[in-house]
Amino acid sequence: MASTLLDEALEGWRYTREGVIAEFENFPADSLDFRPAPQMRSLSELAWHIVESGAMMAGELSRPDGNFRRQPYPEFLREYSRDFGRPTTKDELIALLRQSHEDGEARLKNAGELLMLQTIIQFNGVPATRLSWMSHGVAHEEYHRGQLAMCARLLGLVPALTQLIEG
C-alpha cells in the first residue's frame, strides 16, 4: 500500500505499465509489424513510443529545472531515449518496457516527493505540479494500452485485460 502521494502515483504507473506489458505478451512474436492502418504505428513502433515517452516523462519531471517547453517534443524523445538500443524482437521489446519503467521509477523516487509537488511548465505553457503532470503521462500509456487491445481484437485475440477480468 502506498504511503506517500508519490508512491501512489508510482503504483498507478506500475499498474499501467504491467498492463501494457501483458498486452504485448499476448501478441504472437510474428505480429509486431502489424499496423491497423497504413498511417498508424506498428505494434513494435507503439512499444518504442511507450518506452521513449515514459522515459521523457520521468526524465523531465525529475529534473530540478524541468520544463516541457525547453525544447521541441522530438528533441525530448531523443534526449531521454538515446541510451536505449532499438529492440527488434518481442522479448527485447518486453524487456525494454520493463527496464525503462524501472529506470523511470527510480529517477522519480530519487527526485523525491517534494520536487514532485513543485510546478513544471507543461507543453501548453501552463504550470502544473509535476505530480499532476505525471497523471497525464500515465493516462497517455493507458490510451496506448487501449490501442493494443483494439489491435488484439483485429488480430483475432482476446486482449490481456479482458482475459484477466474473465478469469
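Computed from a prediction, not measured in an experiment: that's the story for all the values here.

S.K.: What is the right way to read the overall build of the chain from this model?
M.R.: Along the chain, the regular secondary structure elements total seven helices and two strands. For the chain, the sequential pattern of α-helices and β-strands runs α-α-α-α-α-β-β-α-α. Computed over C-alpha atoms, the radius of gyration of the chain comes to 16 Å, within 12% of the 15 Å expected from 2.2 N^0.38 for 167 residues, which places it in the range of a compact globule. Taken along its principal axes, the extent of the C-alpha atoms in the chain is 45 × 35 × 25 Å. For the chain, with 167 residues in total, the buried portion stands at 45%. Accessible surface for the chain amounts to roughly 8700 Å². Of this, 53% is attributable to carbon and sulfur atoms. Across the chain, the centroid of the 17 positively charged side chains sits 5 Å from that of the 24 negatively charged ones.

S.K.: Hey, could you run me through a nonpolar patch on the surface in this one?
M.R.: Together, Tyr15, Leu161, Leu164 and Ile165 give the surface a local cluster of nonpolar side chains, amounting to about 450 Å² of exposed area. Counting residues per element, the nonpolar patch draws most heavily on helix H7 (residues 160-166), which supplies three residues. Relative to the elements of secondary structure, Leu164 occurs in helix H7.

S.K.: Looking at this model, I keep getting lost on the layout of surface pockets. Mind explaining?
M.R.: Over the atoms a probe the size of a water molecule is rolled, and this reveals where empty space is left. Its volume calculated, the largest pocket comes out at about 190 Å³. What lines the largest pocket is simply Ala55, Glu79, Tyr80, Arg82, Asp83, Phe84, Ser100, Asp103, Gly104 and Arg107. For the lining of the largest pocket, the secondary-structure elements that each account for two or more residues are helix H3 (73-81) and helix H4 (90-111). Here the element with the most residues in the lining of the largest pocket is H4; it accounts for four residues. In terms of residue class, the lining of the largest pocket is made up of three nonpolar, two polar and five charged.

S.K.: Help me understand the packing of aromatic side chains in this model?
M.R.: How two aromatic rings sit relative to each other is given by the distance of their centres and the angle of their planes. All chains considered together, the criterion is met by eight aromatic pairs. Judged by centre distance (4.9 Å) and plane angle (45°), the ring pair of Phe68 and Phe123 falls under tilted. One end of the pair, Phe68, is in the loop between helix H2 (43-62) and H3; the other, Phe123, is in the loop between strand E1 (119-121) and strand E2 (127-129), and 55 residues separate them in sequence. Ring centres 5.6 Å apart and planes at 75° place the aromatic pair Tyr73 and Phe123 in the edge-to-face group.

S.K.: Could you clarify how one ought to interpret helix H6 (residues 130-154) in this entry?
M.R.: Every α-helix carries 3.6 residues per turn, so stepping three or four residues along brings you back to the same face. Between its first and last C-alpha, H6 extends 36 Å over 25 residues, near the 36 Å set by a 1.5 Å rise per residue. Two residues or fewer past H6, Gly156 is found with a positive phi of approximately 80°.

S.K.: How should the side chain of Ser100 be read in this particular structure?
M.R.: On the secondary structure map, Ser100 appears in helix H4. Engagement of the side chain of Ser100 in a polar contact is seen with the backbone oxygen of Leu96, the distance being 2.8 Å. For Ser100, the contacting residues outside a window of four places in its chain are Arg17, Val51 and Phe84.

S.K.: So what exactly am I meant to see when it comes to the nonpolar core here?
M.R.: For soluble globular proteins, nonpolar side chains are generally found buried alongside one another. With 38 residues, the main nonpolar core has Trp13, Phe24, Leu61, Leu97, Leu108, Met134 and Leu148 as its most contacted residues. With 11 residues, H2 is the single largest residue contributor to this core. In contact with Phe24, not counting residues within four places along its chain, are Leu43, Leu46, Ala47, Ile50, Lys90, Ile94, Leu97 and Leu148.

S.K.: Which parts of the structure should I look at to understand the pattern of salt bridges?
M.R.: Opposite charge on two side chains permits them to pair, given that their charged atoms come into close proximity. For the structure on display, the rule yields 11 salt bridges. Across the salt bridge formed by Arg145 and Glu142, the nearest N and O atoms sit 3.6 Å from each other. Pair noted here: Arg145 and Glu142 are both in helix H6, with a separation of three residues, about one helical turn. Exposure remark for Glu142: the relative accessible area of 30% places this residue in the partly exposed category.

Parameters at a glance
- Residues numbered from 1 in each chain as written.
- Predicted model: local features only at pLDDT ≥ 70, side-chain atom pairs only at ≥ 80, totals over all residues.
- Heavy atoms only, no water.
- Helix = DSSP H or I, 4+ residues; strand = E, 2+ residues; numbered from the N terminus.
- Rg over C-alpha atoms; globule rule 2.2 N^0.38 Å.
- Buried < 20%, exposed > 50% of the residue type's maximum accessible area, 1.4 Å probe, protein only.
- Areas by Shrake-Rupley, 256 points an atom, 1.4 Å probe, with all protein chains shown as cover.
- Lys, Arg positive; Asp, Glu negative; His and termini not counted.
- Charge placed at Lys NZ, Arg CZ, Asp CG, Glu CD.
- Patch = residues over 30% accessible without salt bridge, like charges linked within 9 Å, V, L, I, M, F, W, Y side chains within 5 Å.
- Salt bridge = Lys/Arg side-chain N within 4 Å of Asp/Glu carboxyl O.
- 1 Å grid on protein atoms, 1.4 Å probe; cavity = no way out; pocket = protein on both sides within 12 Å on 5 of 7 lines; lining within 4 Å.
- Points joined across faces, edges and corners; volume = space filled by probe spheres on them.
- Nonpolar A, V, L, I, M, F, W, Y, C, P; charged D, E, K, R; others polar.
- Phe/Tyr/Trp six-rings, centres within 6.5 Å; stacked < 30°, edge-to-face > 60°.
- Expected span 1.5 Å × (residues − 1).
- Polar contact = N/O pair within 3.5 Å; in protein donor to acceptor, adjacent residues only side chain to side chain.
- Contact = heavy atoms within 4.5 Å.
- Core = buried A, V, L, I, M, F, W, Y, C linked by side-chain atoms within 4.5 Å.

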